[in-house]
Amino acid sequence: MSGTVPQIEVGRTEGLVDVHLLGLPLAIHQAAEEHRDELRREFALLRLQDADLSAADVPVRLLDLMDSLEARFSRFAESTRLEIEEAVERGEETVDVVFRVPSGVKSGITQLGQLLDEADDYCRRGGSLLTLQAPPEALAYRRWYLDQFIRQIDGDPAIPWPGA
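The rules behind these values
- Residues numbered from 1 in each chain as written.
- Predicted model: local features only at pLDDT ≥ 70, side-chain atom pairs only at ≥ 80, totals over all residues.
- Heavy atoms only, no water.
- Buried < 20%, exposed > 50% of the residue type's maximum accessible area, 1.4 Å probe, protein only.
- Helix = DSSP H or I, 4+ residues; strand = E, 2+ residues; numbered from the N terminus.
- Pairing = 2+ DSSP bridges.
- Salt bridge = Lys/Arg side-chain N within 4 Å of Asp/Glu carboxyl O.
- Axes fitted to C-alpha atoms, helices over the stretch in contact; angles between N-to-C directions.
- Parallel < 35°, antiparallel > 145°, perpendicular 65-115°, else oblique.
- Left-handed = near helix turned anticlockwise from the far one by under 90°.
- Contact = heavy atoms within 4.5 Å.
- Patch = residues over 30% accessible without salt bridge, like charges linked within 9 Å, V, L, I, M, F, W, Y side chains within 5 Å.
- Areas by Shrake-Rupley, 256 points an atom, 1.4 Å probe, with all protein chains shown as cover.
- Lys, Arg positive; Asp, Glu negative; His and termini not counted.
- Charge placed at Lys NZ, Arg CZ, Asp CG, Glu CD.
- Core = buried A, V, L, I, M, F, W, Y, C linked by side-chain atoms within 4.5 Å.
- Phe/Tyr/Trp six-rings, centres within 6.5 Å; stacked < 30°, edge-to-face > 60°.

### Some points on the pairing of strand β2 (residues 16–25)
Item 1. Most of β2 is tucked away: seven of the ten residues are buried.
Item 2. Bridge count for β2 against strand β3 (residues 94–102) is eight bridges, and the pairing is antiparallel. Considered in β3, the bridge of L16 is made with P102.

Right under this line is the structure:
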C-alpha cells in the first residue's frame, strides 16, 4: 500500500456535480423563465402549423433539445426549482441554490446556449412571430446561468450574479 489518500474533488460525488448559483436574482430569473416559456410555446405552434419546417430549422432543433434535456435531467433539478419558487413566495430578491447534476449535462447545456442564441436571431428576423429576442437583462442572466453549469462541471468555482 502506498499510504496515499485518494483525492476527492469538492462538489463531485458519483458522477454528480454541485452547481452553486450564488445571488440568483429572482425577478430576472422569473422574467427569463417567462420569455423561455413564451418562446417554447410559439416554436411549438410553428412546428405544428408549418409542414415546411425541417429538422434543421431553429424551432425544431431547440424544441427537440429542450425535450431531451428535460427527459434526461429534470429530476435532478426539481428540489432546487422548488427552493426558488419558495424564495419567490417569501418575497426574497435573491437566493443561493445548489443544483446537483450529472456531469454529462454539460454538452446539452452548451448546445442549449448556442441554440438559444440562434433563437434570438430567429426572433430578431421576426416574420409572424410574437415573441421577441431575449431582452438584454434576460440574455445576460441566461449566459451567466448556463455558464455557471459549464464552469463548475469543469471544476471552476462559482461566480455570483453581478451585483449580488
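### Here we look at the pattern of salt bridges
Item 1. With the rule as written, the count across this model stands at 14 salt bridges.
Item 2. The partner of D18 in a salt bridge is R100, and the shortest N-O contact between them spans 2.6 Å. Taken together, the positions of D18 in strand β2 and R100 in strand β3 put the pair 82 residues apart, joining distant regions of the chain.
Item 3. Its relative accessible area of 17% is what places D18 among the buried residues.
Item 4. A salt bridge links D117 to R142, with the nearest nitrogen and oxygen atoms 2.8 Å apart. You can see D117 sitting in helix α3 (residues 105–125) and its partner R142 sitting in helix α4 (residues 136–153), a full 25 residues away along the chain.

### Description of the packing of helix α1 (residues 26–49) against helix α2 (residues 58–89)
The packing of two helices is summarised by the inter-axis angle and the distance between the axes.
Item 1. Packing of α1 against α2 leaves a shortest axis separation of 12 Å and a crossing angle of 150°. As far as their axial angle goes, α2 and α1 are roughly antiparallel. Handedness of the α1/α2 crossing: left-handed. Seen from α1, the contacting residues are L26, H29, Q30, R36, L39, R40, F43, A44, L46 and R47; seen from α2, they are V58, P59, V60, L62, L63, D64, M66, D67, E70, I84, A87 and V88.

### Some points on the side chain of D120
Item 1. Along the polypeptide, D120 turns up in helix α3.
Item 2. Its relative accessible area of 6% is what places D120 among the buried residues.

### A look at a negative patch on the surface
Item 1. Together, E83, E85, E86 and E89 make up a negatively charged patch on the protein surface.
Item 2. Topologically, E85 is positioned in helix α2.
Item 3. Here E85 falls in the partly exposed class, since its relative accessible area comes to 44%.

### Some details on the nonpolar core
Item 1. In this structure, L21, L24, L62, F99 and Y145 are the most contacted members of the largest nonpolar core, which totals 41 residues.
Item 2. Taken together, the elements giving at least two residues each to this core come down to β2, α1, α2, β3, α3 and α4.
Item 3. Element by element, the count of residues in this core is highest for α2, at ten residues.
Item 4. For F99, the contacting residues outside a window of four places in its chain are V17, D18, V19, L21, A77, T80, I84, Y145 and F149.

### Things to note about the packing of aromatic side chains
Item 1. The full count for this structure, using the stated rule, is eight aromatic pairs.
Item 2. When the centroid spacing of 6.2 Å and the interplanar angle of 80° are considered together, the rings of F99 and Y145 count as edge-to-face. Residue F99 is found in strand β3, and its partner Y145 is found in helix α4; the two are separated by 46 residues along the sequence.
Item 3. Judged by its relative accessible area of 3%, F99 falls in the buried class.
Item 4. With a centroid separation of 5.8 Å and 45° between ring planes, the pair formed by Y141 and W144 is classed as tilted. Of this pair, Y141 and W144 both sit in helix α4, three residues apart, roughly one helical turn. Pair check on accessibility: Y141 and W144 agree, each one buried.
Item 5. Each member of the aromatic cluster is reached from another via a ring pair, and the members are F99, Y141, W144, Y145, F149 and W161.

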